[in-house]
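Inside the fold
Single-letter residue listing:
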Amino acid sequence: MAINTRLTELLGIKYPIIQAPMNWISGADLVAAVSNAGGLGTLGPNAGQKVPSLDPVEVKRRLVAQVHKVRGLTDKPFAINITAATNPLYKPFADAFMETAVEEHVAAAIVIMGSPALYTAKLHDAGVKVLHCVTRPEQAIKAEKAGVDGIVTEGFEGGGHLGTEDLTTMTLVPQVAKAVNLPVIAGGGIADGRGLMEPSRSALRVSIWGHASWQHWKATLILNSRKRCSGLKVPVR
Ligand SMILES: Cc1cc2nc3c(=O)[nH]c(=O)nc-3n(C[C@H](O)[C@H](O)[C@H](O)COP(=O)(O)O)c2cc1C
């Protein structure tokens, strides 16, 4: 039975579940399996690679090949991840991810870091839906103003969490859902059916993203980021 939400309508998927991008781990096979199962698979920046390339042209060539591989395995919608960092060293890679999404007309881009205004218009012109990742409600408001189609909230529990505050999924999601009118996707620490239900109870309009393995590594990452964040204040809103 399909579960219809604003997100499933937006993306043309059966269930409001997104497989979060995990750099090289989320390659074409995983992405196609998730999309075939009715969720939204997402290719990571180094999707399917064992040795990353430092050449943006080669990175793009590999990503395009992964997009074609997914298309050979499924006709369902899938996304690619755009790390939209603007520093001069990283920008050529960010451009390569954006150009791949545009030229290949993928269904959606999951954008992290940088300004949500940077690529949104170009992606929309190519018919690509834009989901922007945030770790604070203020970022969600900014992304909504920039015209994105949905907000991915990533709580402090998330593997490789990018934020500087330790706002947990259960505290962040309701704040973001209150702050914006867009579909909100909850991520961070969600790994099973029970976890899937909690954010939906605390805030309507919420969908799910995440990965359900790598538990040991994730615990290490969380421990490390807790150390990094100790002493910071949590904003109250
Ligand atoms: C091994 C690993 C690699 C990741 N790589 C990326 C990445 O390349 N891009 C990205 O946007 N998020 C990346 N993430 C974060 C995930 O997309 C997601 O936000 C997070 O895993 C969700 O929380 P969870 O780990 O509790 O499921 C990564 C996470 C892990 C565990």
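With that settled, consider the nonpolar core. Note that soluble globular proteins tend to have their nonpolar side chains buried in a common cluster. The biggest cluster of nonpolar side chains holds 63 residues, and the ones touching the most others in it are Ile-82, Val-106, Ala-108, Ala-109, Val-111 and Ile-151. Here Val-106 is in contact with Val-67, Phe-78, Ala-79, Ile-80, Ala-101 and Val-128, once residues within four sequence places are set aside.

Turning our eyes to something else, we now look at helix H2 (residues 28–36). Of the residues making up H2, those classed as buried are Ala-28, Leu-30, Val-31, Ala-32, Val-34 and Ser-35. Where H2 is buried, its residues touch strand S1 (17–19), strand S2 (41–43), helix H3 (56–73) and strand S3 (78–83). Positioned one or two residues after H2, Gly-38 has a phi angle of 105°, which is positive.

With that out of the way, let us pick up the pairing of S3. Counted residue by residue, S3 has five buried out of six residues, so it is predominantly covered. Sheet topology places S2 next to S3; three bridges connect them, and they run parallel. If you follow Gly-41 over to S3, its bridge partner there is Phe-78. Between the parallel elements S2 and S3, the chain passes through H3 in a crossover that is right-handed. In terms of strand pairing, S3 meets strand S4 (residues 108–112) through five bridges, oriented parallel. Counted as the bridge partner of Thr-83 is Ile-112 from S4. In this fold, S3 hands off to helix H4 (residues 91–104), which returns the chain to S4; that crossover is right-handed.

This part covers the packing of H3 against H4. Direction vectors running N to C along H3 and H4 enclose 30°, while the axes themselves pass 9 Å from each other. Considering their axes alone, H3 and H4 lie roughly parallel with respect to each other. As H3 runs across H4, the sense of the crossing is right-handed. Facing H3, whose interface residues are Pro-56, Val-59, Lys-60, Leu-63, Val-64 and Val-67, H4 presents Pro-92, Phe-93, Ala-96, Phe-97, Glu-99, Thr-100 and Glu-104.

With that settled, the discussion passes to the confidence of the model for the protein chain. Overall, the predicted model of the protein chain reaches an average pLDDT of 84, with 82% of residues at or above 70. Across residues 212–237, confidence stays below pLDDT 50; counting only partners more than four residues off in sequence or on other chains, it has 18 contacts.

Rules used throughout
Residues numbered from 1 in each chain as written. Predicted model: local features only at pLDDT ≥ 70, side-chain atom pairs only at ≥ 80, totals over all residues. Core = buried A, V, L, I, M, F, W, Y, C linked by C-beta atoms within 7 Å. Buried ≥ 20, exposed ≤ 12 C-beta atoms within 10 Å, placed from the backbone. Contact = placed C-beta atoms within 7 Å. Helix = DSSP H or I, 4+ residues; strand = E, 2+ residues; numbered from the N terminus. Pairing = 2+ DSSP bridges. Right-handed = clockwise from strand over helix to strand, strands pointing away. Axes fitted to C-alpha atoms, helices over the stretch in contact; angles between N-to-C directions. Parallel < 35°, antiparallel > 145°, perpendicular 65-115°, else oblique. Left-handed = near helix turned anticlockwise from the far one by under 90°. pLDDT = per-residue confidence, 0-100.

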